[in-house]
Amino acid sequence: MTTVSPKSTTTTSASPAGVTGLDSAVFHFDHPHDLPHEDLVALLGGKGAGLAEMSTGLGISVPPGFTVSVPVCRAYLEHGRPAGLTETLARFVGELGERMGRNLGDPADPLLVAVRSGAPVSMPGMLDTVLNLGLNDETVEGLAAVSGSEDFAWDSYRRFVTMYAVTVMGVDGGELAAAAVQNGGGIEEHVRDLKRAVEQLAGRPVPTDPFEQLTEAVEAVFESWHSPRAETYRERENIDPALGTAVTVQAMVFGNRGERSGTGVVFTRNPSTGADELYGDYLPMAQGEDVVAGTAKTLCISKLAELHPEIYAELRETLRRLEIRFRDLCDVEFTIEEGRLWLLQTRPGKRGAAAAVRIAAGLARDPEISLTPAEIAERVPEGLRERARAEALAHVADETGMPPVVTKALGASPGRAVGRAVLTTDAAAEAEDDVILVRPETSPEDVAGMAASVGLLTTKGGLVSHAAVVARGWGIPAVVGAHDLRFDSHGLISTDGTRIRAGDLITIDGSTGCVWLGAVTPPPADVVNRAVEHDLPELLLIERLLEEHAKNGEN
């Protein structure tokens, strides 16, 4: 492995088996490389590989940064902190500061960074993230001065303290919120209350040295590989526990910086249905975690076209370039900072089975992509095609004797599930029968209960919330954003007074977004056959194409 500096023209040519020197295992996003994409993913993780591709060959607007490669994580997990880690991080963030024209820890004009995980296999929400790193009592004043907004600077500081305490220092988020309730004294006083609460709960304060913050944050991401939620997810997805994760360190851009700022997550096609349409959520004046956490009421991505038509047009054009380059559905996180579009990551999008069939057929017909039969066979193997067949008929029901619909919300992951409603993750994980986990929203801490459930129902969140993304990846039905339902001491109650209590049998439809009390009658066999022919003709076309491919043995 050759050492690559931001000004070097040396090319990365191989993935190292281990770490012989950290300089050869950390890479700026735009470092020259000649690795195939699969090898780049193995080295830099999915997020780091996507950032490298966008920053070099595609020339897309990406906030600069660098990736600490997967072998460094494996070395850390096996032997502890590698020699020179702190110094290497300081050198690379120093070079990043030169490019940005501001430095980490500068009290007058501070560089702030985001520290994110990025495993070679997508594990949405399972590993850790820290945003706004580099803030302390001095740099927050500098941020306020250069931004012209005290509220923005202190809100960013609040977010950092909270995220750092929970992610890096192991403070329980609920306990922290209870110990630092905002008392009307203003955001600055609230941050100081937060810091005191963190020190009380963690036994030490949040570090004020930004370089210490950076080293601890990178190590926390490494250590999150062995968190219970990550281990549960890997077991569910059959992911090699020895794989490890990369870490990206990226200059912050701010979606919470004024009215022409915002953040969102968008898919190049609909991952729930497979339709050739943009699909996702947008949230004005927010940061990325606000969207994926499911706690905010987001806007449909199409609303961006009304709010900022020129930015929406640029986003569409950029997404089209990504889909052509990667020849697949792309899941993209973006931020708009004061009218400028930045892409923060891209990765292959999780999708339902029927959607996978439609997307493969669509990409095969696309003249700029033209998937081959061999690629189609890899994307939609036989087991997935059988799941697609089941999804095609899941929303078909015998109209006779159907119970009334309790609510209709967002169908986030297709399919129909019938099960006993459970209201806590522990209840789902301990259940021995079919259960549907019902929560206000889900977080990575709920993964054990999610893995044990046949379906998910949340009263908050949007189409790219944690519950939606995980459910699509696992192929289980999900309905999200059921705002007509609210929790009380007895369970849930709808606007018309209908109650759902723990233990009630319910049915959810992840295609239509419908929720019923009781079990919905399954369709008869003749309806099943007509449903596949009518709702998923692409499946029949693909099966004929693959049959011809198998006979001919050609691509």
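Residues numbered from 1 in each chain as written. Predicted model: local features only at pLDDT ≥ 70, side-chain atom pairs only at ≥ 80, totals over all residues. Heavy atoms only, no water.

1. Notes on the overall build of the chain
Link 1 in the chain: Looking only at helices and strands, one finds 20 helices and 23 strands in the chain.
Link 2 in the chain: For a compact globule of 555 residues, the expected C-alpha radius of gyration is about 24 Å, and the chain comes in at 24 Å, within 12% of that figure.
Link 3 in the chain: Seen through its principal axes, the chain has C-alpha atoms that stretch 70 × 65 × 50 Å.
Link 4 in the chain: The buried share among the 555 residues of the chain stands at 54%.
Link 5 in the chain: A separation of at least 24 residues holds for 64% of the contacts in the chain among residues at least 6 apart in sequence.
Link 6 in the chain: Carbon and sulfur atoms make up 49% of the accessible area of the chain, which amounts to about 22300 Å² in all.
Link 7 in the chain: For the chain, the separation between the mean place of its 49 positive charges and that of its 80 negative charges on side chains is 3 Å. (Helix = DSSP H or I, 4+ residues; strand = E, 2+ residues; numbered from the N terminus. Rg over C-alpha atoms; globule rule 2.2 N^0.38 Å. Buried < 20%, exposed > 50% of the residue type's maximum accessible area, 1.4 Å probe, protein only. Contact = heavy atoms within 4.5 Å. Areas by Shrake-Rupley, 256 points an atom, 1.4 Å probe, with all protein chains shown as cover. Lys, Arg positive; Asp, Glu negative; His and termini not counted. Charge placed at Lys NZ, Arg CZ, Asp CG, Glu CD.)

2. Details of the sheet that holds strand S13 (residues 405–408)
Link 1 in the chain: Ordered in space as S13-S23-S22-S15-S16-S17-S18-S14, the 8 strands form an open sheet in which the pairing is mixed. Both outer strands of the open sheet, S13 and strand S14 (410–413), are each paired with one neighbouring strand and no more. Strand-to-strand twist in this sheet, taken as the mean axis angle between neighbours without regard to direction, amounts to 30°.
Link 2 in the chain: Where strand S17 (residues 455–458) lies against strand S18 (residues 478–480), 2 bridges are found, and the strand directions are parallel. Across the sheet, the residue bridging to Leu-456 is Ala-478, located in S18.
Link 3 in the chain: Running over the sheet, helix H18 (residues 466–474) touches S14, S17 and S18 and is turned about 45° from S14. (Pairing = 2+ DSSP bridges. Axes fitted to C-alpha atoms, helices over the stretch in contact; angles between N-to-C directions.)

3. Quick word on the packing of aromatic side chains
Link 1 in the chain: Counting across every chain of the model gives 8 aromatic pairs.
Link 2 in the chain: A ring pair is formed by Trp-154 and Tyr-157, whose centres lie 5.6 Å apart and whose planes are at 50°; its orientation type is tilted. Here Tyr-157 and Trp-154 lie together in helix H5 (residues 150–167), a separation of 3 residues that amounts to about one turn. Residue Trp-154 shares its accessibility class with Tyr-157, and that shared class is buried.
Link 3 in the chain: Residue placement shows Arg-234 over the ring face of Trp-225; its charged tip is 4.2 Å from the ring centre. (Phe/Tyr/Trp six-rings, centres within 6.5 Å; stacked < 30°, edge-to-face > 60°. Lys NZ or Arg CZ within 6 Å of the ring centre and 35° of its normal.)

4. Quick word on the pairing of strand S7 (residues 246–251)
Link 1 in the chain: Here S7 lies mainly inside the structure; 6 of its 6 residues are buried.
Link 2 in the chain: Covered by surrounding structure in S7 are Ala-246, Thr-248 and Gln-250 together with Val-247, Val-249 and Ala-251, the residues of both alternating faces.
Link 3 in the chain: As paired elements, strand S2 (residues 65–68) and S7 share 4 bridges and run antiparallel to each other. Across the sheet, Thr-67 pairs through a bridge with Thr-248, a residue of S7.
Link 4 in the chain: Bridge analysis of strand S5 (residues 113–118) against S7 gives 6 bridges, and the strand direction is antiparallel. Paired with Val-113 across the strands is Ala-251, a residue of S7.

5. A look at the pairing of S2
Link 1 in the chain: Residue alternation in S2 divides its side chains into two sets, Gly-65 and Thr-67 and Phe-66 and Val-68, and both sets are buried.
Link 2 in the chain: In this sheet, S2 lies alongside strand S1 (residues 26–28) in antiparallel orientation, the contact comprising 3 bridges. Across the sheet, His-28 pairs through a bridge with Phe-66, a residue of S2.

6. Remarks on helix H7 (residues 187–202)
Link 1 in the chain: Spanning 16 residues, H7 covers 22 Å between terminal C-alpha atoms, matching the ideal 22 Å at 1.5 Å per step.
Link 2 in the chain: The set of residues buried in H7 consists of His-190, Val-191, Asp-193, Leu-194, Ala-197 and Val-198. All buried residues of H7 lie within an arc of 160° about the axis, which places them on one face of the element. In this structure, H7 carries Arg-196 and Gln-200 as exposed residues pointing more than 90 degrees from its buried face.
Link 3 in the chain: Looking at the buried side of H7, the elements it contacts are H5 and helix H6 (173–179).
Link 4 in the chain: Once H7 finishes, Gly-203 follows within two positions and takes phi at roughly 80°, a positive value. (Expected span 1.5 Å × (residues − 1). Arc of directions from axis to C-beta.)

7. Some details on the sheet that holds strand S8 (residues 262–267)
Link 1 in the chain: The 5 strands lie next to each other as S10-S9-S8-S11-S12, forming an open sheet whose pairing is antiparallel. Of all the strands in the sheet, the pair left with one neighbour each is strand S10 (299–300) and strand S12 (340–348).
Link 2 in the chain: Both strand S11 (residues 330–337) and S12 contribute to a ladder of 8 bridges, which runs antiparallel. Among the inter-strand pairings, Thr-335 is bridged to a residue of S12, identified as Trp-342.

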